[in-house]
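Next come the chains, spelled out residue by residue.
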Amino acid sequence: MAESHYLDVPGGRLAYDDTGTGPLVICVPGMGDLRGEYRQLAPQLVAAGYRAVTLDVRGHGESSVGWPDYSVPAIGADMLALARALGAGPAVLVGTSMAGGAAVWAAAEAPDEVAGLVLIGPFVRDMGSRWQQRLIHLLFGVVFARPWGPAVWLRYIATLYPTARPDDFATYMRRLKTNLRAPGRFTALRQMLFASKAASEARLAQVKAPVLVIMGTRDRDFKDPAAEARLVAERLHGSVRMIEGAGHYPHAEMPARTGPAIIGFLDAIRKDVARGA
């Protein structure tokens, strides 16, 4: 396991891993998960000649708890703070789920510091009508309440791997269970569950960096994963790569298919930079 590094920012401390050399790629997991979500992808990035940095989202993993803000802009600001602290940018930001929306916000906020975006199963907008969102929030408030909330979340996470699970899945889920039971961790998750994605949708037209949207064809978080992927890619003038049979975590569920797609995108960015494009 890589040595943990820490960055103090206003409101708390962020934990991250830093491996490899080359162009900087910052990988940020979805809410309710750990930076270990990228344990299959990061070694592929390093082997391909990239510096892979994996970040624990505020309130999760080894990052501190008790933050005043768990919104999309707050997470996006953390991505930028880490990129600036590392001093190796511009960085490609890889974000899963809500972190995808945060990466969009970051790319619009600081375009000179973001070389590209890889958005995996991204939530970049609030889904459904206002009354549907209120109903969902009410449902979440009951389903993800203590004391049963952490167990329900873990069962839900398990359903997001519909075709295959990593060999270390049971071990990884035990780590996640232990983390969510620590004081303040599940509170952070609940606050992210209720956070609006409107801030990322409002910035979509401002993103100038190249974008790759990756979506599993069996991602149950979306009614029509392919349609959502196309919508996001069209609004960001990006491209789409659908991973057949994968759920919400194609980079962990099917790394042999997903990793090369991401590396191909990164290589294209590197070539453009080398040509001065």
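What you are looking at is a predicted structure, and each value in this text was computed from that prediction instead of being measured.

Caption draft 1: Highlighting the nonpolar core. Counting 68 residues, the largest nonpolar core has Ile26, Leu93 and Leu117 as the members making the most contacts within it. Broken down by element, this core gets its largest block of residues, nine residues, from helix 3 (residues 98-109). Once residues lying within four places of it in the same chain are set aside, the contact partners of Leu117 are Val92, Leu93, Ala103, Val104, Ala107, Val207, Pro210, Val211, Leu212 and Phe265. Listed in part, the 23 residues of the second largest apolar core include Cys27, Val94, Ala115 and Ala246.

Caption draft 2: Spatial organisation of the packing of aromatic side chains. For the coordinates displayed, the defined rule picks out four aromatic pairs. With a centroid separation of 4.6 Å and an interplanar angle of 25°, the aromatic rings of Phe123 and Phe222 are classed as stacked. You can see Phe123 sitting in the loop between strand 6 (114-120) and helix 4 (130-143) and its partner Phe222 sitting in the loop between strand 7 (211-216) and helix 9 (225-236), a full 99 residues away along the chain. Like Phe123, the residue Phe222 is buried in the burial classification. When the ring of Trp153 is compared with that of Tyr156, the centres are 5.4 Å apart and the planes differ by 45°; the resulting orientation is tilted. Pair noted here: Trp153 and Tyr156 are both in helix 5 (residues 149-159), with a separation of three residues, about one helical turn. Trp153 gets classed as buried once you look at its relative accessible area, which sits at 4%. Tyr156 sits in the partly exposed class, given a relative accessible area of 22%.

Caption draft 3: A look at helix 7 (residues 185-193). Among all positions in helix 7, only Arg185, Phe186, Ala188, Leu189, Met192 and Leu193 are buried. Down the axis of helix 7, the buried set is contained in an arc of 155°. They therefore lie on one face.

Caption draft 4: Main features of unusual backbone geometry. Unlike most non-glycine residues, Ser97 shows phi in positive territory, near 55°. Its location among the elements puts Ser97 in the loop between strand 5 (91-96) and helix 3. When its relative accessible area of 7% is taken as the criterion, Ser97 is described as buried.

Caption draft 5: A look at the pattern of salt bridges. Per the counting criterion, the structure on display carries twelve salt bridges. Note that Glu62 and Arg35 form a salt bridge whose closest N and O atoms lie 2.8 Å from each other. On the criterion of sequence distance, the pair formed by Glu62 in the loop between strand 4 (51-55) and helix 2 (72-86) and Arg35 in the loop between strand 3 (24-28) and helix 1 (41-47) is long-range, its members being 27 residues apart. Salt-bridge contacts for Glu109 lead to Arg203; the nearest nitrogen and oxygen are separated by 3.2 Å. Here Glu109, found in helix 3, pairs with Arg203, found in the loop between helix 8 (198-201) and strand 7; they are 94 residues apart in sequence, far enough to count as distant. Take Glu109: its relative accessible area is 41%, and that puts it in the partly exposed class. Ionic contacts of the salt-bridge type, sharing partners, join the residues Asp17, Arg35, Asp56 and Glu62 into one network.

Rules behind the numbers
- Residues numbered from 1 in each chain as written.
- Predicted model: local features only at pLDDT ≥ 70, side-chain atom pairs only at ≥ 80, totals over all residues.
- Heavy atoms only, no water.
- Core = buried A, V, L, I, M, F, W, Y, C linked by side-chain atoms within 4.5 Å.
- Buried < 20%, exposed > 50% of the residue type's maximum accessible area, 1.4 Å probe, protein only.
- Helix = DSSP H or I, 4+ residues; strand = E, 2+ residues; numbered from the N terminus.
- Contact = heavy atoms within 4.5 Å.
- Phe/Tyr/Trp six-rings, centres within 6.5 Å; stacked < 30°, edge-to-face > 60°.
- Arc of directions from axis to C-beta.
- Salt bridge = Lys/Arg side-chain N within 4 Å of Asp/Glu carboxyl O.

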